[in-house]
Amino acid sequence: MAQIVKQLGVKNSTPLLSDLMLEGIDAYYGQKNGHQYIKDYSKAYRCFSEAARLGDENATWLIGRMYFYGQGCKQSYRQAATYFKKAALMGVKEARFELARCYFYGLGAKRNEEKAIHYLSLAADQGHALSQDLLARAYLQGEGGLEKNEERAVHYFSLAAEQGIVESQYSLHLRYEYGQGVIQDCYIAMQYLRMAAENGYAPAERKLGEAYYYGDCGLHQDYALAFYWCQRAAKQEDAEAQYCCGLSFQKGEGVKQDLLKAIEYHRAAAKQDYVAAHLQLFRAIVQLGAEEYYKEGFNALLKGAKLNDKDCMYGLSLIYRIGIYGAPCNPEKADYWHRKYAEVQSE
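So, a few notes on the structure that sits alongside this text. Remember, it's a predicted structure, so these values are computed and weren't measured experimentally.

### Some details on the overall build of the protein chain
Helix and strand counts for the protein chain stand at 19 helices and 2 strands. For 347 residues, the compact-globule estimate of 2.2 N^0.38 gives 20 Å, and the protein chain exceeds it by more than 25% at 27 Å. Counting only C-alpha atoms, the protein chain reaches 85 × 45 × 40 Å along its principal axes. When burial is assessed residue by residue, the protein chain has 46% of its 347 residues classed as buried. For the protein chain, the separation between the mean place of its 41 positive charges and that of its 42 negative charges on side chains is 5 Å.

### Some words on the packing of helix H15 (residues 259–271) against helix H16 (residues 275–288)
For the pair H15 and H16, interaxial distance at closest approach is 9 Å and the crossing angle is 160°. As judged from the angle between their axes, H15 and H16 are roughly antiparallel. The hand of the H15/H16 crossing is left-handed. Contacts from Leu259, Leu260, Ala262, Ile263, His266, Arg267, Ala269 and Ala270 of H15 reach H16 at Ala277, His278, Gln280, Leu281, Ala284, Ile285, Gln287 and Leu288. By residue class, the composition of the contact of H15 with H16 is 11 nonpolar, 4 polar and 1 charged.

### Topic: the packing of helix H9 (residues 150–162) against helix H10 (residues 166–178)
With their axes 8 Å apart at the nearest point, H9 and H10 run at an angle of 140° to one another. Viewed along their axes, H9 and H10 adopt a mutual orientation that is oblique. For H9 against H10, the interelement crossing comes out left-handed. Within the contact between the two elements, H9 uses Glu150, Val154, Phe157, Ser158, Ala160 and Ala161 and H10 uses Ser168, Gln169, Ser171, Leu172 and Arg175. Residues that form the contact of H9 with H10 fall into these classes: 5 nonpolar, 4 polar and 2 charged.

### Some words on helix H6 (residues 93–105)
Two residues of an α-helix separated by three or four positions point the same way, owing to the 3.6 residues in each turn. In this model, H6 (13 residues) spans 19 Å end to end at C-alpha, consistent with the 18 Å of a helix rising 1.5 Å per residue. Burial in H6 covers these residues: Glu94, Ala95, Arg96, Phe97, Glu98, Leu99, Ala100, Cys102 and Tyr103. Directly beyond the C-terminal end of H6, a positive phi value near 70° is found at glycine 106.

### Section: the environment of phenylalanine 249
Inspection of the secondary structure puts phenylalanine 249 in helix H14 (residues 239–251). Residue class for phenylalanine 249 comes out buried when judged on its relative accessible area of 7%. Each C-alpha atom of the pair phenylalanine 249 and leucine 260 lies 8.4 Å from the other, and the pair is 11 residues apart in sequence. Filtering out sequence-adjacent residues up to four positions away, phenylalanine 249 remains in contact with Phe227, Val255, Lys256, Gln257, Asp258, Lys261, Ala262 and Tyr265.

### Details of unusual backbone geometry
Non-glycine residue aspartate 273 carries a positive phi angle of around 60°. Of note, aspartate 273 is situated in the loop between H15 and H16. According to the relative accessible area criterion, aspartate 273 is partly exposed, its value standing at 36%. The phi torsion at asparagine 308 lies on the positive side, around 75°, for a residue other than glycine. Checked against the element boundaries, asparagine 308 lands in the loop between helix H17 (294–306) and helix H18 (310–322). Residue asparagine 308 is classed as partly exposed on the basis of its relative accessible area, which comes to 44%.

### Comments concerning the environment of tyrosine 274
Within the element layout of this structure, tyrosine 274 appears in the loop between H15 and H16. With 185 residues separating them along the chain, tyrosine 274 and leucine 89 place their C-alpha atoms 47 Å apart. Not counting the four nearest positions on each side in its chain, tyrosine 274 is found in contact with Ala239, Glu240, Tyr243 and Ala269.

### Regarding the pattern of salt bridges
Inspection of every chain in the model, using the stated rule, returns 15 salt bridges. Between arginine 175 and glutamate 150 there is a salt bridge, with the nearest N and O atoms lying 3.3 Å from each other. Of the two residues, arginine 175 is situated in helix H10 and glutamate 150 in helix H9; the sequence distance between them amounts to 25 residues. Residue classification places arginine 175 among the buried positions, given a relative accessible area of 10%. What makes glutamate 150 partly exposed here is its relative accessible area of 29%. In this structure, arginine 321 engages aspartate 335 in a salt bridge whose closest nitrogen and oxygen atoms are separated by 2.8 Å. With arginine 321 in helix H18 and aspartate 335 in helix H19 (residues 331–346), the pair connects residues that are 14 residues apart, well separated along the chain.

### Quick word on the packing of aromatic side chains
Taken as a whole and assessed by the stated rule, the structure comprises 24 aromatic pairs. Ring centres of phenylalanine 282 and tyrosine 325 lie 5.6 Å apart, and the angle between their planes is 85°; on these two criteria the pair is classed as edge-to-face. Taken together, the residues phenylalanine 282 in helix H16 and tyrosine 325 in the loop between H18 and H19 connect sequence positions 43 residues apart. Exposure remark for phenylalanine 282: the relative accessible area of 11% places this residue in the buried category. Between phenylalanine 298 and tyrosine 320, the aromatic rings sit 5.7 Å apart at their centres with planes inclined by 90°, giving edge-to-face as the arrangement. With phenylalanine 298 in helix H17 and tyrosine 320 in helix H18, the pair connects residues that are 22 residues apart, well separated along the chain. For phenylalanine 298, a relative accessible area of 11% puts it in the buried group.

Reading the values: rules and limits
- Residues numbered from 1 in each chain as written.
- Predicted model: local features only at pLDDT ≥ 70, side-chain atom pairs only at ≥ 80, totals over all residues.
- Heavy atoms only, no water.
- Helix = DSSP H or I, 4+ residues; strand = E, 2+ residues; numbered from the N terminus.
- Rg over C-alpha atoms; globule rule 2.2 N^0.38 Å.
- Buried < 20%, exposed > 50% of the residue type's maximum accessible area, 1.4 Å probe, protein only.
- Lys, Arg positive; Asp, Glu negative; His and termini not counted.
- Charge placed at Lys NZ, Arg CZ, Asp CG, Glu CD.
- Axes fitted to C-alpha atoms, helices over the stretch in contact; angles between N-to-C directions.
- Parallel < 35°, antiparallel > 145°, perpendicular 65-115°, else oblique.
- Left-handed = near helix turned anticlockwise from the far one by under 90°.
- Contact = heavy atoms within 4.5 Å.
- Nonpolar A, V, L, I, M, F, W, Y, C, P; charged D, E, K, R; others polar.
- Expected span 1.5 Å × (residues − 1).
- Salt bridge = Lys/Arg side-chain N within 4 Å of Asp/Glu carboxyl O.
- Phe/Tyr/Trp six-rings, centres within 6.5 Å; stacked < 30°, edge-to-face > 60°.

What follows is the structure in structure tokens.
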């Protein structure tokens, strides 16, 4: 709570405004009661409304936020945009960021990318981290009247990365890895990748795991560390990481071989339609040799084939030709899937 009060500059207000803001902040962010924070949005709305009427810029921004999300008042994007604009003109960087979003998505204001970029730039230059990240992406895409500029993108990614924005840290990894807007440098690329991974960004965790698996970017090959980082990403429902963990358990690389756990991870990845997981789910089931899983394995192969995986198509053609793993012998279906395999193979 002290951090929020300091950030909003409550101590610089008049005594009346200070009291109103402190009461509003307590009500809005909640007072701790055991393991929970008890919030009172109605009270926060009353306090911030009065403080905004008396000219407090942070209260004006917070009222806009409450209208945006319908907290303690009837939800209204139009009212939210009105308050964001008032606070933005008073120099509140958070309000400038929120107003940029309103203009970009047409929420409470007519969609206008150039105005969105204008307010996003103001907020970014005031040090607002999310604005810096989004402005960097606008420079990459050339949005809102901006010319594409890799160097400017790297500049704003760097500012946001320093403030802990993991998406910016990962984007800088990619810029240095491929030499986009900067001189290619695998060492710096790896530093940013590790930074994003250690901050819990799933794509970075998975990619760091892959780097350890293959011994890329100057890392020593280490299957145990590869599994460790992929498992962290898998816990965040990263489908490719789930697939990689399945392979680790399937092959016994970095962990003790465990086909049931391999099946569990491949199943999770397959549910997210990660195509390669369907084939490996089937293979892990065949490797386990438990007939009660054969139907699931067959269905996984069929789903993979329908997702245009040629290896699944070829596998189906063989299974239907012979009539194994829970499927009847069916020459017509065998021919069908072999033709599909040949078509995809020739593309």
